[in-house]
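Given next are the chains, with one letter for each unit.
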Amino acid sequence: MRIVMQPASRAKKVVNKHYLDTIANPVVIDTYAHLLDAQVADQLRTLFPDGSAPMWGVAPGKRDVNVSKIKKMRPGDWVFFTGESKVYFGGTIALTWRSQPMANELWAADGDGSTWEYMYALSGTQGFDIPIQEVRDLLDWNPKRNVMGISVLSEDESDSLQTLLTLDPASAKASPVDLQEEEAAIAGFDGELERKAQRAQRGEQAALKRRLLPGNAGQCALCGRELPGAFLIGAHIKKRAFCNDGEKRDLANIAMLACTLGCDALYEHGYVAVAPGGAIQVSPLAGTIPEVAVHIQAHLAGRTVTWWNPSREPYYHWHRKHTFKDVPPS
């Protein structure tokens, strides 16, 4: 999965209108189907059975400078919109196509006559509030670098940003080439290195759990259920990989007990968070997965986490900003 960075500053009046017209208010597919190839229209209807989809486009640019980047974009890739010195919106590419007539109808032509004709529809959209400086630091960019044009990140950069933001990959069937590459990687894998890493991780988890769970049973910080220790883990409130040295040593506050019956995964993937004061905050996007919504309603909705305190709030705040699945900005 690659990641594409798209400059789309909401401070610019024209781009802001485009964002409102086709992202905040998804495009009704049948209204513009006559401007599309029949196959593209049918694919969009299949991918978006409710009949509408958030859409965006990219202009070819002077001397087609953007075309080579556009051709790297594939369904399943994440796209992030940046502006006002932050990453504020993202989603996965569901489908790509080219239609100058549709782009012209949706957004009109730019002053130089170009249109945003390389189009794509987005699924799994959500809002973010990540300072661009944090992205620069993570990816080791120049401190003054901005996303001035469409940028397709390298695989390493994409992996790093995916880890930071806990991005859910789009469901897609692996191609034969992908499967061959995976099989080759497994065949050439050095198992001893993996075992050493697993032993280190298990050792750290055991030490953290002993501190949080002195007895044989304990209470999940999120759902409050009393459970045997086998069903509880020491979950980092803020991702450990992004803690500084002092935070990693703050064992009294950096982690909490979470149960493996659902709460740990829901927190890790951002469907629930802990608000200031301890109230459970439920993602508006949880309802898109009925089984998740049922679990949250049964065990988490309306709860207040007694684990919360002012010393832990900075860690919960980080999770709300980086992992919690918020609605796209309007």
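The coordinates are above.
Residues numbered from 1 in each chain as written. Predicted model: local features only at pLDDT ≥ 70, side-chain atom pairs only at ≥ 80, totals over all residues. Heavy atoms only, no water.

Enquirer: Where do I start with unusual backbone geometry in this structure?
Expert: Generally, phi is negative for residues other than glycine and the peptide bonds are trans, each holding for most cases. Positive phi outside glycine occurs at glutamate 84, with the angle close to 55°. Assignment of secondary structure puts glutamate 84 in the loop between β5 (78–83) and β6 (86–98). Judged by its relative accessible area of 46%, glutamate 84 is partly exposed. Within the chain, threonine 166 stands out as a residue other than glycine whose phi angle is a positive 50°. For threonine 166, the position within the fold is in the loop between α7 (155–165) and α8 (176–187). Residue classification places threonine 166 among the buried residues on the basis of a relative accessible area of 9%. (Helix = DSSP H or I, 4+ residues; strand = E, 2+ residues; numbered from the N terminus. Buried < 20%, exposed > 50% of the residue type's maximum accessible area, 1.4 Å probe, protein only.)

Enquirer: What exactly am I supposed to notice about the nonpolar core here?
Expert: One broad trend across soluble globular proteins is that nonpolar side chains are buried collectively. Counting 40 residues, the largest nonpolar core has Leu44, Met55, Phe81, Trp97, Met102 and Tyr120 as its most contacted members. Examining the composition of this core, we find that 6 residues originate from one element, β6, more than from any other. For methionine 102, the contacting residues outside a window of four places in its chain are Val27, Tyr32, Leu35, Leu36, Met55, Trp97 and Met119. Counting residues in hydrophobic clusters, the runner-up holds 30 residues, among them Leu227, Ile237, Cys259 and Leu300. (Core = buried A, V, L, I, M, F, W, Y, C linked by side-chain atoms within 4.5 Å. Contact = heavy atoms within 4.5 Å.)

Enquirer: Which parts of the structure should I look at to understand the packing of aromatic side chains?
Expert: The relative placement of two aromatic rings is captured by the distance of their centres and the angle of their planes. In this structure the tally under the stated criterion is 12 aromatic pairs. Ring centres 6.2 Å apart and planes at 75° place the aromatic pair tryptophan 78 and phenylalanine 128 in the edge-to-face group. In this pair, tryptophan 78 is assigned in strand β5 and phenylalanine 128 in strand β7 (residues 118–131), connecting sequence segments 50 residues apart. Residue tryptophan 78 is classed as buried on the basis of its relative accessible area of 2%. (Phe/Tyr/Trp six-rings, centres within 6.5 Å; stacked < 30°, edge-to-face > 60°.)

Enquirer: How do you make sense of the pairing of strand β4 (residues 55–58) when you look at a structure like this?
Expert: Put simply, side chains in a regular strand alternate between the two faces of the sheet. Neither face of β4 is open: one carries Met55 and Gly57, the other Trp56 and Val58, and all of them are buried. Relative to β7, β4 is paired through 4 bridges, and the arrangement is antiparallel. Within the sheet, the bridge partner assigned to valine 58 lies in β7 and is tyrosine 118. (Pairing = 2+ DSSP bridges.)

Enquirer: What am I meant to see in the environment of isoleucine 23 here?
Expert: Residue placement: isoleucine 23 occurs in helix α1 (residues 13–24). Judged by its relative accessible area of 6%, isoleucine 23 is buried. In the structure, isoleucine 23 is positioned 102 residues away from threonine 125 in sequence and 9.3 Å away in space, judged by C-alpha atoms. Not counting the four nearest positions on each side in its chain, isoleucine 23 is found in contact with His18, Pro54, Met55, Trp56, Phe81, Phe89 and Leu122.

Enquirer: I would appreciate a short explanation of the pattern of salt bridges in the present structure.
Expert: For side chains of opposite charge, pairing can occur when their charged atoms come near one another. Under the criterion given, the structure shown has 10 salt bridges. Between lysine 321 and aspartate 129 there is a salt bridge; the shortest N-O distance is 2.6 Å. Here aspartate 129 lies in strand β7 and lysine 321 lies in helix α13 (residues 313–322), a separation of 192 residues in the sequence. Under the relative-accessibility criterion, lysine 321 is labelled partly exposed at 30%. Residue glutamate 313 pairs with arginine 320 through a salt bridge whose shortest N-O separation is 2.5 Å. For the residue pair glutamate 313 and arginine 320, the accessibility class agrees, reading buried in each case. Where salt bridges share partners, they join Asp30, Asp42 and Arg45 into one cluster. (Salt bridge = Lys/Arg side-chain N within 4 Å of Asp/Glu carboxyl O.)

Enquirer: Is there a simple way to think about helix α3 (residues 38–47) in this case?
Expert: Every buried residue of α3 is listed here: Val40, Ala41 and Leu44. Within α3, the buried residues cover an arc of 100° as seen down the axis, which keeps them to one side. Every exposed residue of α3 that faces more than 90 degrees away from the buried side is listed here: Ala38, Gln39 and Thr46. Those residues of α3 that are buried lie in contact with α2 (29–32), β4, β6 and β7. (Arc of directions from axis to C-beta.)

By themselves, these observations are geometric and do not establish any function.
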